[in-house]
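# Residue-level structure breakdown
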Amino acid sequence: PRGCKLIGSGSAVPSLLISNDDLAKIVDTNDEWIATRTGIRNRRVVVSGKDSLVGLAVEAATKALEMAEVVPEDIDLILMSTSTPDDLFGAAPQIQKALGCTKNPLAYDITAACSGFVLGLVSAACHIRGGGFKNVLVIGADSLSRFVDWTDRGTCILFGDAAGAVVVQACDIEDDGLFSFDVHSDGDGRRHLNASIKESQTDGALSSNGSVLGDFPPKRSSYSCIQMNGKEVFRFAVKSVPQSIESALQKAGLPASSIDWLLLHQANQRIIDSVATRLQFPPERVISNLANYGNTSAASIPLALDEAVRSGKVKPGHTIAASGFGAGLTWGSAIIRW
Ligand code: ACO
């Protein structure tokens, strides 16, 4: 059997910083409400025509490759976890081209909202263990700001844009750094969090009105803004995430007390605190950078991991319990050794 280990990380955020005070200028809110209910103070937001998701992903991936000391030609698989690609058909092949991966690695997208990065790790491990792949780039990147209703104070305060990446490399099983996974989904919970497809106004060419073919052709579609029942999502997270981490720990044969760091999807500080309390992780063993970036969806775990690695918090050999959760609904945990 083959092992897989994480050997490099990188991250990138757009330069435009929007503070809670900035948001108070466009919706009826204030810094105090946002900070106490969510822990968020600032977020980074893409600028139309200047930033792109592929651009952020490439920047994060380049930094991860540098840390890993792996050249783009040695990458044989790129997994891009995102729900907000610049192109409906996916972003990963564009990243492959921009990085200059001349050996044309397999590159495809994974759509699983805020659980996307954990599911990217699961997929990387499967491809390495079962498919003979050697160097896999796992990227989590999202730009939910493009799908937020900036007049809805219940959601617009939460989200930010970012990209994070890791290089996962095949190794001997003794050096394995991906100990176990626990992953779930529940389509019933979609009613609490979604950004549904919607039919746009008919335009001339695509109008089905009066067509000799009845309901054909269909109307052109776009996506509506994020709709969320915050209380239900909160309830789901504080119940499901501790169970999922406990299950992953059990599969790894490790007690929570042996894990160096708890690293959750950065959605709300109160969710992070609640899960940490339930699993008896003291605050000093919990990674959080939510205050600076808000909820960056699939990017939040690799972004926080990269900052923790570069600041010297997470050191080689440290173990991490990481857990993502969000739309779908989807949720999942990974026990990792850095
Ligand atoms: N500023 C000021 N007041 C506000 C704001 C705001 N930004 N937003 C809501 N309020 C008001 C409400 O109108 C309400 O007022 P009322 O009592 O007069 O009716 C009051 O504050 C309480 O609102 P609630 O929605 O009940 O506030 P709650 O404590 O539930 O916090 C929040 C809302 C922060 C959204 C919380 O429910 C939450 O974080 N939920 C989890 C969301 C999440 O984690 N999503 C992650 C997944 S994202 C993904 O996968 C894409």
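Residues numbered from 1 in each chain as written. Predicted model: local features only at pLDDT ≥ 70, side-chain atom pairs only at ≥ 80, totals over all residues.

Further remarks concern the site of the ligand. Near the ligand lie 23 residues; those nearest to it are Thr29, Arg153, Gly230, Ala267 and Gly326. Within the residue set of the shell around the ligand, elements represented by two or more residues are helix 2 (31–38), helix 6 (153–156) and helix 7 (230–252). For the shell around the ligand, the element with the most residues is helix 7, which contributes five residues. When its residues are assigned to classes, the shell around the ligand shows 12 nonpolar, eight polar and three charged. (Near = placed C-beta within 6 Å. Helix = DSSP H or I, 4+ residues; strand = E, 2+ residues; numbered from the N terminus. Nonpolar A, V, L, I, M, F, W, Y, C, P; charged D, E, K, R; others polar.)

Further remarks concern helix 4 (residues 92–99). Taken across its eight residues, helix 4 has six buried, putting it largely inside the fold. All buried positions along helix 4 are accounted for by Ala92, Pro93, Gln94, Ile95, Gln96 and Leu99. Close packing links the buried residues of helix 4 with helix 3 (53–68), strand 4 (77–81), strand 5 (106–110) and strand 6 (135–143). (Buried ≥ 20, exposed ≤ 12 C-beta atoms within 10 Å, placed from the backbone. Contact = placed C-beta atoms within 7 Å.)

The next point concerns the environment of Ser274. Tracing the backbone shows Ser274 in helix 8 (residues 269–278). Exposure remark for Ser274: the 17 C-beta atoms within 10 Å place this residue in the partly exposed category.

Further remarks concern the sheet that holds strand 7 (residues 161–172). An order of 1-7-6-4-5 is seen for the five strands of this open sheet, with the pairing classed as mixed. Of all strands in the sheet, those with a lone pairing partner are strand 1 (2–12) and strand 5, marking the two edges. Taken over all neighbouring pairs, the strand axes of this sheet differ in orientation by 20 degrees on average, direction set aside. In terms of strand pairing, strand 1 meets strand 7 through 10 bridges, oriented antiparallel. The residue of strand 7 that forms the bridge with Ser11 is Gly164. Relative to strand 6, helix 5 (residues 116–131) is tilted by about 165 degrees, and along the sheet it contacts strand 1, strand 4, strand 5, strand 6 and strand 7. (Pairing = 2+ DSSP bridges. Axes fitted to C-alpha atoms, helices over the stretch in contact; angles between N-to-C directions.)

Our focus in this paragraph is the UniProt feature "domain: Beta-ketoacyl-[acyl-carrier-protein] synthase III N-terminal" (unreviewed entry) in the chain. What UniProt calls "domain: Beta-ketoacyl-[acyl-carrier-protein] synthase III N-terminal" (unreviewed entry) maps, in this numbering, to residues 108–187. Here residues 108–187 runs as 25% helix and 40% strand, with 23 Å between its end C-alpha atoms. (UniProt positions renumbered as here; feature names shortened; annotations may be inferred.)

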